[in-house]
Amino acid sequence: MQRLGARAQGVVVRNKINWGRNTTVRPIIRFITMDGRTIESESTYGIAFAIPRFPEGATVTVIYNQENPFEFDIIEASRRYI
């Protein structure tokens, strides 16, 4: 995806806690694709702590699959939140 994906600025709208043997916190990201679609989806990136890695309101850069923008990765985040 790094070579063929498109980049967009996104924002963390909230975090989803997945309780279980290994509790993970995953950010829900909202971004606008190059063709103007608004995508809001849970990142597959998760951290096994109860503390969010990306707090609500954090600005992130995502790289996404243009054919299926729900497939995306966070590649950069605002330093003030990390």
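Computed from a prediction, not measured in an experiment: that's the story for all the values here. (Residues numbered from 1 in each chain as written. Predicted model: local features only at pLDDT ≥ 70, side-chain atom pairs only at ≥ 80, totals over all residues. Heavy atoms only, no water.)

**A word on the nonpolar core**
Soluble globular proteins: nonpolar side chains tend toward being buried together. With 13 residues, the main nonpolar core has Ile29, Phe31, Val60 and Val62 as its most contacted residues. If you list the elements that add at least two residues to this core, you get β1 (6–18), β2 (24–32), β4 (59–64) and β5 (72–77). Residue contacts for phenylalanine 31: discarding those within four places in its chain leaves Ala8, Gln9, Gly10, Arg37, Thr38, Ile39, Val62, Tyr64, Pro69 and Phe72. (Core = buried A, V, L, I, M, F, W, Y, C linked by side-chain atoms within 4.5 Å. Buried < 20%, exposed > 50% of the residue type's maximum accessible area, 1.4 Å probe, protein only. Helix = DSSP H or I, 4+ residues; strand = E, 2+ residues; numbered from the N terminus. Contact = heavy atoms within 4.5 Å.)

**A word on the confidence of the model for the protein**
On average, the protein scores 84 in pLDDT, and the residues at 70 or more come to 80%. Mean pLDDT across the elements of the protein bottoms out in β5 (84) and peaks in strand β3 (residues 38–42) (96). (pLDDT = per-residue confidence, 0-100.)

**Description of the pattern of salt bridges**
Within this structure, the stated rule accounts for five salt bridges. Arginine 14 is the partner of glutamate 40 in a salt bridge, and the nearest nitrogen-oxygen pair spans 3.1 Å. In this pair, glutamate 40 sits in strand β3 while arginine 14 sits in strand β1, placing the two residues 26 residues apart along the sequence. Overall, glutamate 40 belongs to the partly exposed group, its relative accessible area being 34%. For arginine 14, a relative accessible area of 40% translates into the label partly exposed. Two residues, aspartate 35 and arginine 37, come together in a salt bridge whose shortest N-O distance is 3.2 Å. For aspartate 35, a relative accessible area of 54% gives the class exposed. Taken together, the salt bridges that share partners define one network made up of Arg14, Arg30 and Glu40. (Salt bridge = Lys/Arg side-chain N within 4 Å of Asp/Glu carboxyl O.)

**What to know about the side chain of threonine 23**
By the secondary structure assignment, threonine 23 is in the loop between β1 and β2. Here the side chain of threonine 23 touches glycine 20 through a polar contact of 3.4 Å, landing on its backbone oxygen. (Polar contact = N/O pair within 3.5 Å; in protein donor to acceptor, adjacent residues only side chain to side chain.)

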